[in-house]
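Working through the structure, step by step
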Amino acid sequence: MNNLLEHFVTLWVVIDPIGTIPVFIAVTATLTASARRKTALLAALVSAGVLLFFLIFGQLLIEALDIGLNSFQVAGGIILFLFALTMIFGESKQVVEQHEAEEELERPSQRPNPAIFPLAVPSLASPGAMLAIVILTDNNRYSAADQGITALVMLSVVLIAFVLMLLADPIIRLIRYSGAAIISRVMGMILASVAVNSVLSAMIEIIKTGEL
């Protein structure tokens, strides 16, 4: 139960459904209600597909490169910690991704589908989320059943993100953009704690087994 809760919190923080709401509003402002629903659905499906790909093949890629899982977990924890610091001290997720989207939209000939960029990648299926899903489904630590549960947890977070995108307007009216920024920073603190725990766990495992 503790592992399940930890996995849910980790995936919730790195996927950050609440932080995606302002991004969704910004990039779909000119669309009809029907088009916005389709955009939200496509973004959820694409992000889920990307994360499932990393869940299934991520570790195979790492092993093909002959990288030890403990080493990967340490590196991953450090990267997640740095990612958490950007959430705490940097510009909020929605501001950064809105700027990226605006830069892309200034080039009409290369205008991306907003469901793909910036909603699916990198807003929902962020680099931090891709990394976290690989760490949380380590074949050496988790059984196939455990990995299946983690996949369901990940899909449930993406589903929540989809529902929140559908409810984006009333949510932003309630918490406002400043509220979304505050929540993002609190999530950054939680992610930093999870990242430190990941590094310490891997270091203890290295000391015990001597395996990188």
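Residues numbered from 1 in each chain as written. Predicted model: local features only at pLDDT ≥ 70, side-chain atom pairs only at ≥ 80, totals over all residues. Heavy atoms only, no water.

This paragraph deals with the packing of helix α3 (residues 33-64) against helix α8 (residues 144-166). The interhelical angle for the contact between α3 and α8, taken along N-to-C directions, is 160 degrees, at an axis separation of 9 Å. One way to sum up the angle between α3 and α8 is to call them roughly antiparallel. α8 is crossed by α3, and the crossing has right-handed handedness. Contacts between α3 and α8 involve R37, A40, L41, A43, A44, S47, A48, L51, L52 and L55 from the first element and Q147, A151, M154, L155, V158, F162, M165 and L166 from the second. (Axes fitted to C-alpha atoms, helices over the stretch in contact; angles between N-to-C directions. Helix = DSSP H or I, 4+ residues; strand = E, 2+ residues; numbered from the N terminus. Parallel < 35°, antiparallel > 145°, perpendicular 65-115°, else oblique. Left-handed = near helix turned anticlockwise from the far one by under 90°. Contact = heavy atoms within 4.5 Å.)

This part covers the pattern of salt bridges. Applying the stated criterion across every chain, the model contains two salt bridges. Note that D138 is salt-bridged to R141, the shortest N-O span being 2.5 Å. The buried category is assigned to D138, whose relative accessible area is 1%. (Salt bridge = Lys/Arg side-chain N within 4 Å of Asp/Glu carboxyl O. Buried < 20%, exposed > 50% of the residue type's maximum accessible area, 1.4 Å probe, protein only.)

Let's shift gears to helix α7 (residues 127-135). Of all nine residues in α7, eight are buried; the element is thus mostly enclosed. Looking only at α7, the buried set comprises G128, A129, M130, L131, A132, I133, V134 and I135. Structurally, α7 contributes buried residues whose contacts are with α1 (2-15), α3, α4 (69-89), α6 (115-124), α8 and α9 (168-209).

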